[in-house]
Amino acid sequence: MRAIWKGTISFGLVSIPVSLYPAIRREELQFRLLRSSDHSPVNYKRVAEKDGKEVPWDKIVKGYEYEKGKFVVIKEEDFRRVDVEATQTVEIMNFVSESDVDPLLFYKPYHLEVGKGGGKAYMLLRDALNRSGKIAIAHVVIKTRQHLAAIRPQDKNLMLELMHFPDELRDRSELKAPEGKAPGKAEINMAEKLIESMTTPWKPDEYKDEYREAVEAMIEDKVAHGDSKPAKAAKAKKPANVIDLVSVLQESLAATKSKRSHAHSTKSAHKTASAKHSKNRKKAA
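Quick summary incoming for the structure in this document. Just so you know, these numbers come straight off a predicted model, no measurement behind them.

Parameters and conventions
- Note on numbering: residues in each chain are counted from 1, in written sequence order.
- Side-chain atom pairs in this predicted model are given and counted only at pLDDT of 80 or more, local residue features only at pLDDT of at least 70, and totals for whole chains, interfaces and linings cover all residues.
- The basis for every side-chain value is the complete set of heavy atoms in the structure, and neither hydrogens nor water enter the calculation.
- Under the DSSP-based scheme used, a helix requires at least four consecutive residues in state H or I and a strand at least two consecutive residues in state E, with every element numbered from the N terminus.
- Here a residue-residue contact requires only that any non-hydrogen atoms of the pair lie within 4.5 Å.
- Here, nonpolar core refers to any group of buried Ala, Val, Leu, Ile, Met, Phe, Trp, Tyr and Cys residues whose side-chain atoms link them within 4.5 Å.
- Type-normalised accessible area, obtained with a 1.4 Å probe on protein chains alone, sets the label of each residue: buried when under 20%, exposed when over 50%, and partly exposed for intermediate values.
- Stacked, tilted and edge-to-face are the three classes assigned to paired rings of Phe, Tyr and Trp, where Trp is represented by its six-membered ring and a pair needs centres within 6.5 Å; plane angles under 30 degrees give stacked, over 60 edge-to-face, the rest tilted.
- In this scheme, the term charge over a ring applies when either NZ of a lysine or CZ of an arginine sits within 6 Å of the ring centre and within 35 degrees of the ring normal.
- The length a helix should cover is 1.5 Å for every residue beyond the first.

**Some details on the environment of glutamate 54**
Relative to the helices and strands, glutamate 54 is located in the loop between β2 (14-22) and β3 (62-67). Setting aside its immediate chain neighbours within four residues, glutamate 54 contacts Lys45, Arg46 and Val47.

**Observations regarding the nonpolar core**
Ranked by size, the top nonpolar core spans 22 residues in total, and within it Ile9, Val90, Leu112, Ile151, Leu158 and Leu160 carry the most contacts. Where this core is concerned, the elements lending two or more residues are β1 (5-11), β2, β5 (89-97), β6 (106-114), α2 (119-132), β7 (134-142), β8 (145-154) and β9 (157-163). Residues contacting isoleucine 9, with those up to four places away along its chain left out, are Val14, Ser15, Ile16, Val18, Val90, Ile92, Leu112, Leu125, Ile151 and Leu158. Core analysis: the next-biggest nonpolar cluster, separate from the first, contains eight residues, Leu105, Phe106, Ala150 and Met163 among them.

**What about the packing of aromatic side chains?**
Per the stated rule, a full pass over the model turns up two aromatic pairs. An angle of 75 degrees between the planes, with centres 5.8 Å apart, marks the rings of phenylalanine 11 and phenylalanine 95 as edge-to-face. Within this pair, whereas phenylalanine 11 is found in strand β1, its partner phenylalanine 95 is found in strand β5, the two being separated by 84 residues in sequence. Given a relative accessible area of 35%, phenylalanine 95 falls into the partly exposed group. Ring centres of tryptophan 202 and tyrosine 207 lie 5.0 Å apart, and the angle between their planes is 20 degrees; on these two criteria the pair is classed as stacked. The exposure class assigned to tryptophan 202 is exposed, which follows from its relative accessible area of 64%. The class for tyrosine 207 is partly exposed, based on a relative accessible area of 49%. The aromatic ring of phenylalanine 106 is capped on one face by arginine 152, whose charged end is 4.7 Å from the ring centroid.

**Quick word on helix α4 (residues 210-225)**
Given a rise of 1.5 Å per residue, 16 residues ought to cover 22 Å, and the 22 Å separating the end C-alpha atoms of α4 matches this to within 8%. Two residues or fewer past α4, glycine 226 is found with a positive phi of approximately 70 degrees.

Okay, here's the thing in structure tokens:
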């Protein structure tokens, strides 16, 4: 991993040297635009609106449109002049209970790696957050933009998670509230049973990007065989018009039990076959 930012966490009068590393790896499939007749790649050009001429990178500057058609040019030194210290500091403003913060505010996690000589102060902040059950709310500037951020303990390390500013969230009162008769006791009980029947231990390795895997398999097939196979469109599930909610929940519960029973039988069969195979190998030896 490569650090995208290096600086310090400002914790009262305590300074902790840290490096910031992305905590998420997202590899998107890359597609190029091609001319259909000969598959020649289509390139983009930077063209000026005024005369339609192409503009090279060394002739391009950043500008802010303060009125329609009127711009002020902003240079790199202008960004640096705004607040030099802030670009190097995660400044903790206060500590709050995580349960008090709207989960929608959190959106991008980073690993915080301690720098040389900061081990004790780093562990102090980590352990204090663990024991208090609080998270730190801070300001940090990354790539010319100030972010709201939270610092929280994660195993032996600290995480920094970028946050939306509260005024960036849309007002939920604009959404239409559900209408109609509220669910009855029997329906709620049945829903709870269904949830219980579908509850399993958290196993993160079981969750895969199935759509990406399917697209990759399709691409590999086209590379190997071209367009010889006709494409089959996936059948979209039609939404059911639910009238008797209890009976639908009962069917769902029965289906879940059957699915679990089948999975258990398959697993047992695999274990038995594996044991027989191992026993036969021992006899052969």
